[in-house]
Amino acid sequence: MKHRNFKTVPKMIFGRGAFDQLDDVLMVERKSADDYVVFLVDEIHKDKPLAGRIPQQDGDMLIWLDVTDEPKTKYVDALTEQVQAYAKAHKNGKDPVSVIGLGGGSSLDIGKAVALLLNNPGGAASYQGWDLIKNPAVHHVGIPTISGTGAEASRTTVLTGPDKKLGMNSDYTVFDQIIMDPDLIAGVPKNQWFYTGMDCYIHNVEALEGTYINEFARAFGEKSMALCHQVFLEDHPESDEKLMMASYMGGQSIAYSQVGACHALSYGLSYVLGYHHGIGNCIAFNVLEDFYPEGVATFRKMVAKHNIDLPKNIMKDVTEAQMEKMIRTSQGLAPLWDNVYGPSWKEKVTPELLRGLFSRM
Ligand code: NAD
Ligand code: ZN
């Protein structure tokens, strides 16, 4: 058996106020007068105090990101072209010395994608898959402002393309630096805080209950799970710190294991009906009590405690063609089902099983 040779983020800063050290981090990369940095920032932060703290210098480029939809290949291609046009007009075609992704999972993934595409021609859709990226990315930094996805730790950037929702998975995708500042996630609206936070909780349930589990993934997954319990069941005073670390450790756990049934269903929901990842996971997880009895029971306690709105009866207007597409998308995620059932998954994951689960959402 060959074991995974797992690339991790080499540099990280953690702690309240750590965002202000971004300037120092970038000073190391800025070596000559025409060096410049590209900031890709969730537009939710425009006109907020954080915008005024971005260490932007003359000649840098700042682009506000529209994350209404989760990142599409077309969008990251357009952003890459925008940076290249700027480079051609003002910088003799020179790449930026760093690309910063500042925001939630969507903005972090956009930061990774643009840094990769600046050095890998041909458009994002041609790199959706595993290890298709040929050249190292531009130096890139991830700074989460909402926690749960683990995108700060992972080797993928999840993109919706013309024919699939699939990441650009590669060692080059991994951030060169992350800054985890719990101040930045304070004040996220409650429902969104919960949906994105549950992404982390669900990663842990799926990894810990899965057939791919090993002591590496368990070590991170169990700690991340304990932190999720403190955050979502106990209102711990240091919840922001704890959720931020839970997200990072959940990401580390998944990197050496795999997600499961909830993510398989949620990818179908998101690809066909456009549900965002966090809320889609919550909707899917709520029908999975046969798969994860304890995990789902605790999840329902968390939903009740925080008075969260979970959409119900979402299949009422779905056409047969859409249902079939969701089933196909979900059934196609072989490693996820392998992690649920082991190698005999193909006999178990029938269209009838999936239709039954989707119909209850
Ligand atoms: P998101 O980035 O889409 O953000 C959700 C909402 O929260 C947005 O409206 C955003 O503007 C807002 N927001 C962000 N920070 C805020 C703040 N500080 N205050 C107020 N509002 C704020 O959501 P997400 O759940 O973090 O990320 C989902 C995306 O991450 C999906 O595209 C999913 O596919 C991807 N994902 C990636 C990985 C990975 O390993 N790369 C893993 C899981 C999910
Ligand atoms: Zn997830």
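Cut-off values and rules
Residues numbered from 1 in each chain as written. Chains lettered and ligands numbered in written order. Predicted model: local features only at pLDDT ≥ 70, side-chain atom pairs only at ≥ 80, totals over all residues. Heavy atoms only, no water. Core = buried A, V, L, I, M, F, W, Y, C linked by side-chain atoms within 4.5 Å. Buried < 20%, exposed > 50% of the residue type's maximum accessible area, 1.4 Å probe, protein only. Helix = DSSP H or I, 4+ residues; strand = E, 2+ residues; numbered from the N terminus. Contact = heavy atoms within 4.5 Å. Pairing = 2+ DSSP bridges. Disulfide = S-S within 2.5 Å. UniProt positions renumbered as here; feature names shortened; annotations may be inferred. Donors = N, O, S within 2.8 Å, 3.2 Å for Na, K, Ca; no water. Tetrahedral: all angles 85-135°; square planar, octahedral: opposite > 155°, others 65-115°. Axes fitted to C-alpha atoms, helices over the stretch in contact; angles between N-to-C directions. Parallel < 35°, antiparallel > 145°, perpendicular 65-115°, else oblique. Left-handed = near helix turned anticlockwise from the far one by under 90°. Nonpolar A, V, L, I, M, F, W, Y, C, P; charged D, E, K, R; others polar. Salt bridge = Lys/Arg side-chain N within 4 Å of Asp/Glu carboxyl O. Phe/Tyr/Trp six-rings, centres within 6.5 Å; stacked < 30°, edge-to-face > 60°.

Going by the annotation in an unreviewed UniProt entry, the name recorded for the protein is 3-deoxy-alpha-D-manno-octulosonate 8-oxidase, with Thiosulfativibrio zosterae given as the source organism.

Glancing now at the nonpolar core. The biggest cluster of nonpolar side chains holds 66 residues, and the ones touching the most others in it are Phe194, Tyr201, Phe285, Leu288, Phe358 and Met361. For this core, the leading source of residues is helix α5 (residues 190-208), giving nine residues. With residues near it in sequence (within four places) discarded, Met361 still touches Leu265, Leu269, Ile283, Ala284, Val287, Asn313, Ile314 and Met315. Listed in part, the 26 residues of the second largest apolar core include Val38, Val83, Ala87 and Leu159.

Glancing now at the pairing of strand β4 (residues 98-103). The element β4 is extensively covered by neighbouring structure, given that six of its six residues are classed as buried. In β4, alternate side chains face the same way, and those of Ser98, Ile100 and Leu102 on one face and Val99, Gly101 and Gly103 on the other are all buried. Bridge count between strand β2 (residues 37-42) and β4: five bridges; the pairing is parallel. Bridge pairing in β4 links Val38 to Val99. In this sheet, strand β6 (residues 140-144) lies alongside β4 in parallel orientation, the contact comprising five bridges. Following the sheet pairing, Gly101 is matched in β6 by Gly142.

This part is about the state of the cysteines. Applying the stated criterion to the full structure yields zero disulfides. Left without a disulfide partner, Cys200 is nearest to the cysteine sulfur of Cys228, which lies 3.7 Å away. When its relative accessible area of 0% is taken as the criterion, Cys228 is described as buried.

In the numbering used here, UniProt assigns the feature "domain: Alcohol dehydrogenase iron-type/glycerol dehydrogenase GldA" (unreviewed entry) to residues 11-182. Here residues 11-182 runs as 25% helix and 23% strand, with 17 Å between its end C-alpha atoms.

Around a metal, the perfect tetrahedron of four donors has angles of 109.5 degrees, and the perfect octahedron of six donors has angles of 90 or 180 degrees. Every protein donor of the zinc ion (ligand 2) is listed here as Asp199 (OD), His203 (NE2), His263 (NE2) and His277 (NE2), and their distances to the metal cover 2.1 to 2.2 Å. Coordination geometry of the zinc ion (ligand 2): the four donor atoms subtend angles of 87 to 171° at the metal centre, consistent with an arrangement described as irregular. One chain supplies every donor for the zinc ion (ligand 2), spaced along it as D-x3-H-x59-H-x13-H. One end of the pair, His203, is in helix α5; the other, His277, is in helix α9 (residues 277-285), with 74 residues separating them in the sequence.

Their axes nearest at 8 Å, the elements helix α8 (residues 261-273) and helix α12 (residues 334-341) cross at an angle of 150°. When the axis of α8 is compared with that of α12, the two are roughly antiparallel. Crossing of α8 over α12 shows left-handed handedness. On the side of α8, the interface is formed by Ala261, His263 and Ala264, while α12 contributes Leu336, Trp337 and Val340. Partitioning the contact of α8 with α12 into residue classes produces five nonpolar, one polar and no charged.

Here we come to the pattern of salt bridges. Should their charged atoms come close, side chains of opposite charge can pair. This structure, assessed with the given rule, holds 17 salt bridges. Note that Asp35 and Lys94 form a salt bridge whose closest N and O atoms lie 2.7 Å from each other. Here the residue Asp35 occupies a position in the loop between α1 (22-29) and β2, and Lys94 occupies one in the loop between α3 (73-90) and β4, the gap between them amounting to 59 residues. The salt bridge partner of Lys165 is Glu70, with a shortest N-O separation of 3.3 Å. Separated by 95 residues along the polypeptide, Lys165 in strand β8 (residues 165-169) and Glu70 in the loop between β3 (61-65) and α3 bring together distant segments of the chain. Across this residue pair, the class does not change: Lys165 and Glu70 are buried. Each of Arg16, Asp183, Asp240 and Glu241 takes part in one network of salt bridges that share partners.

This part is about the UniProt feature "domain: Fe-containing alcohol dehydrogenase-like C-terminal" (unreviewed entry) in the protein. Within this structure's numbering, the places UniProt gives as "domain: Fe-containing alcohol dehydrogenase-like C-terminal" (unreviewed entry) are residues 195-294. A distance of 19 Å separates the end C-alpha atoms of residues 195-294, which is 75% helix and 0% strand.

Here we come to the packing of aromatic side chains. With the rule as written, the count across this model stands at 14 aromatic pairs. Arranged with centres 5.8 Å apart and planes meeting at 80°, the rings of Phe6 and Phe216 form a pair that is edge-to-face. One end of the pair, Phe6, is in the segment before β1 (11-14); the other, Phe216, is in helix α6 (residues 215-234), and 210 residues separate them in sequence. Its relative accessible area of 17% is what places Phe6 among the buried residues. A ring pair is formed by Phe285 and Tyr292, whose centres lie 5.9 Å apart and whose planes are at 25°; its orientation type is stacked. The exposure classification of Phe285 matches that of Tyr292, with both residues buried. Among the aromatic residues, ring-to-ring pairing joins Trp193, Phe194, Tyr201, Phe232, Phe285, Phe291, Tyr292, Phe299, Trp337 and Tyr341 into one connected group.

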